[in-house]
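# Coordinate analysis (summary)
What follows is each chain in one-letter form.
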Amino acid sequence: MKDISVEQLANIIGTPVDKILLQMKEAGLGQSSSNDLVTDDDKKMLLGFLKSQQNKVSKTISLKRKTPTETTNKSTTIEIKRKKAKPSEPGEDLEGTSQRIDFNEIEKKRIEGEEFKKTEEERKRKEVENKVSVKRKTNTSHPVVKRTKPSSGGPKVVERKKQILKEKSVISKKEQKELEGEEFLSQQAGKIVEHRFEKPSELVTKLVKIPVAITVSDLAKELSIKSVEVVKKLMDMGVMATVNQTLDQDTAILLTEEMGHQAEPAQEELAEDKLDELVTYEGTEEVRNPVISVLGHVDHGKTTLLDSIRNTNVTKQEEGGITQKIGAYQTETKQGTMTFIDTPGHAAFSEVRARGANSTDIVILVVAADDGLQPQTEEAISHANAAEVPIIVAVNKIDLEGADLERVKNELSSKELVPEDWGGNTQFISVSALKGEGIDALLEAVSLEAEVLELKAHHNGPAHGVVLDSSTEKGKGAVATVLVQEGTLKAGDMILVGEQTKKIRSLVDENSEALKSAGPSVPVLISGLDSPPKAGEDFVVVTSEKMAKEISTERSKRARESRLARQQITNLESLFDSELSKVIKLNFVIKADTHGSLEAILGSLKNFASEEVRLNIVHDSVGGINNNDVNLAIATHASIIGFNVRADSSSKKLAEAESIDISYYGIIYDLLDGIKEIIEGHLEPDIKEEVLGTAEVKDTFKSPKFGFIAGSIVIEGTIRINKFVRVIRDDIVVFEGRLNSLRRFKDEASEVATGTECGIGIENYSDVKVGDKIEVFDKKEIRRTLD
């Protein structure tokens, strides 16, 4: 028989728990609480104790099942009879008595009693459910009609009632309604009986359409499961979220698939789908000017080439001598009017170069003759191929001594840019941007390519195009450089760009001259916006202000939901970083002059990912540093980085008062180096050990003044005081500590050279034996750097 608790034993034999615990204690048993287990040996020992007591009584416990007349009370009762027991012989066992208690039988009867009780209760419940007849009073001459469930003859009762009513000469309205009610209840009851719920034997796979953002509770409803199950699954995926928090679409789709269902993005009916209705053009397309993007590696002469074409000197105005923002210019040439887009060559401006390639008709790939193929050159080729834009190669710096045109051709041929004179279809033009050599040939090649492309666009109608870059200017607020691709843009037009619908205040060209309108292929600076739009966004002039604002509101709502979803979901690793790991979190507020520069900075910071230091961009935006930025830095303990922007006087005072660090940079190289130094300053240094010397112990003795001393001789290097030591015994390190006493005879010494005897005292260690070797070493911290 299995072990039972003291409480179960007390219930079986009908004795209070406290009383049986007292008896067990007197019997020498160790049980002290009602939850302690009682073994068969314990039971026998307890019964033996009870039999050996004076004035013993034996308990006869019988579990008798009630007769059917007694079933109105409890299903079983326990009758306890007490009678005097005969004196038992010493050591007499329970099993040897005529009135023994069989615990196995008792437990078996108790279980049978409980089962019988449950059976009786179930039987009574079914009897109550079956008794559904309702007595209704009718005229004294008619019998009572009983209505029961269909399963117990319900339809027959209804038919009987119909027959009784037919025999009457007059049927009252009340009786007619009763009959109709009986028929309705009978039909409904029949339906309930027929359609019974059956639990699915396997998972029913659902196809769930996921919107852009959905809360955990709503997703649980779609999956027909409890919200807690969704939360548990998210935790298994490494994400902490409550039932009221929002999930982005990608996370929700992944979660749904992890739970065994199918998911797909919901196709929402948005006002933006009707955007095409706002822009219509009439008439035929007309020829437009070509748009050319100039791409290439940094310092290969892209801006110098454009200066030579435009007869300007933009290069001298650039800080650090490198282009750090996109520039758009329209200029008159011997081959006609052309629009050029100048792009940065630094590795950080990859997205800017991609945007330039996607907004253009022709790409001029500038390659330095003395430098050849470089990483950003390869990237520019990839961007042009992805945009399916033809490439003209301008081999610059051809006048330098190290120029090697054949080398450039060989390297570019490996990238599928085969020169025409080698049997390919790519034009290679040798130029010298500084001396102006080859410029006419380059423009002629561009004009020829444009004729082949047959560039056309609608000149009349509402304008639409793309945002090349954006920034804020004093006195103008948010401004954006846009390229018109279709129609004509005019001052005063209502423009929809990103999440805002605004009226254009002014149009300005690259020479800061005001324009009344701008047609296809014309770059122009527009003002009148609330905030700088994202570079790469499309813009369109709308005639229906109501629909345009509806679209901008939808875009703003989606952006907000997406932003909240990213903010609300907390990664488990981030949640426990401060408690379970040594990850250092560095917060930054980034402010830049243009959206393109900000985009490049944020992209470059991803390359600084480290297991020990994590960068967290608290806020990033275009424009100067203001009080809001400083207050945010105070709240988040962040450093402020300004790229080609400055803080106003009030922000400076607030930052100084609150000890907030503001760093200004004008060149992206310096900015990235500055952030790199900050990260390296928080990295744990590497510890390098340098062995200084080794001594061998010849004797040991105790000094009343200096404690335990190891008399040693230096066999290698130099022994120095206050350095780290290892005690080596049989080539095994037995102790590592610090050398705190070094003496030469009776004099203190700072160091002892090879071959010299000395006395060595080791801090908090006295188990040095003759023959041990004492190795003295030093630890040096080496500043770690990011690879």
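Here we summarise the structure given alongside this text. (Residues numbered from 1 in each chain as written. Predicted model: local features only at pLDDT ≥ 70, side-chain atom pairs only at ≥ 80, totals over all residues. Heavy atoms only, no water.)

## With respect to the sheet that holds strand 13 (residues 336-342)
The six strands lie next to each other as 12-13-11-14-15-16, forming an open sheet whose pairing is mixed. Each end of this open sheet is capped by a strand with a single partner; those strands are strand 12 (327-333) and strand 16 (427-430). Direction aside, the axes of adjacent strands within the sheet are offset by 25° on average. Here strand 12 runs beside strand 13; their pairing, made up of seven bridges, is antiparallel. Considered in strand 13, the bridge of Gly-327 is made with Asp-342. The strands touched by helix 13 (residues 375-386) within the sheet are strand 11 (291-296), strand 14 (362-368) and strand 15 (391-396), with strand 14 carrying the most contacts at an inclination of about 165°. Along the sheet, helix 15 (residues 439-453) contacts strand 11, strand 12, strand 13, strand 14, strand 15 and strand 16; its crossing angle with strand 14, the most-contacted strand, is approximately 150°. (Pairing = 2+ DSSP bridges. Helix = DSSP H or I, 4+ residues; strand = E, 2+ residues; numbered from the N terminus. Axes fitted to C-alpha atoms, helices over the stretch in contact; angles between N-to-C directions. Contact = heavy atoms within 4.5 Å.)

## A short note on helix 20 (residues 627-636)
Inspection of helix 20 places Asp-629, Val-630 and Ala-633 among the buried residues, and these make up the whole buried set. Axial view of helix 20: buried residues confined to an arc of 95°, hence all on one face. Residues Asn-628 and Ala-635 are exposed on helix 20 and point more than 90 degrees away from its buried face. Buried residues along helix 20 sit against strand 29 (584-592), strand 30 (613-622), strand 31 (639-643) and helix 21 (649-657). Put simply, Asn-626 is the residue that caps the front of helix 20, since its side-chain oxygen is 3.1 Å from the backbone nitrogen of Asn-628. (Buried < 20%, exposed > 50% of the residue type's maximum accessible area, 1.4 Å probe, protein only. Arc of directions from axis to C-beta. Polar contact = N/O pair within 3.5 Å; in protein donor to acceptor, adjacent residues only side chain to side chain.)

## Let's talk about the nonpolar core
Counting 23 residues, the largest nonpolar core has Leu-305, Phe-340, Ile-364 and Leu-442 as its most contacted members. The element best represented in this core is helix 15, accounting for six residues. If we ignore the near neighbours within four places in the chain, the residues touching Leu-305 are Ile-364, Val-366, Ala-394, Val-431, Ala-433, Ile-439 and Leu-442. (Core = buried A, V, L, I, M, F, W, Y, C linked by side-chain atoms within 4.5 Å.)

## Let's talk about the packing of helix 8 (residues 227-236) against helix 9 (residues 249-258)
Angle between the axes and distance between the axes: these two values describe a pair of packed helices. For the pair helix 8 and helix 9, the least separation of the axes is 11 Å and the interaxial angle reads 100°. Regarding the angle of helix 8 to helix 9, the classification is roughly perpendicular. Here Val-230, Lys-233 and Leu-234 of helix 8 lie close against helix 9, whose contacting residues are Thr-251, Leu-255 and Glu-258. (Parallel < 35°, antiparallel > 145°, perpendicular 65-115°, else oblique.)

## A short note on unusual backbone geometry
Located in the positive-phi region is Glu-388, a residue other than glycine, with phi close to 55°. Relative to the helices and strands, Glu-388 is located in the loop between helix 13 and strand 15. Within the chain, His-637 stands out as a residue other than glycine whose phi angle is a positive 55°. With respect to the element layout, His-637 can be found in the loop between helix 20 and strand 31.

## Some remarks on the sheet that holds strand 29
Read from one edge to the other, the open sheet built from four strands follows the order 30-29-31-32, with strand pairing classed as parallel. Two strands close off the open sheet at either side, each with one partner strand: strand 30 and strand 32 (662-665). Each strand axis lies, on average, 25° off the axis of its neighbour in the sheet, ignoring direction. With nine bridges joining them, strand 29 and strand 30 adopt parallel strand pairing.

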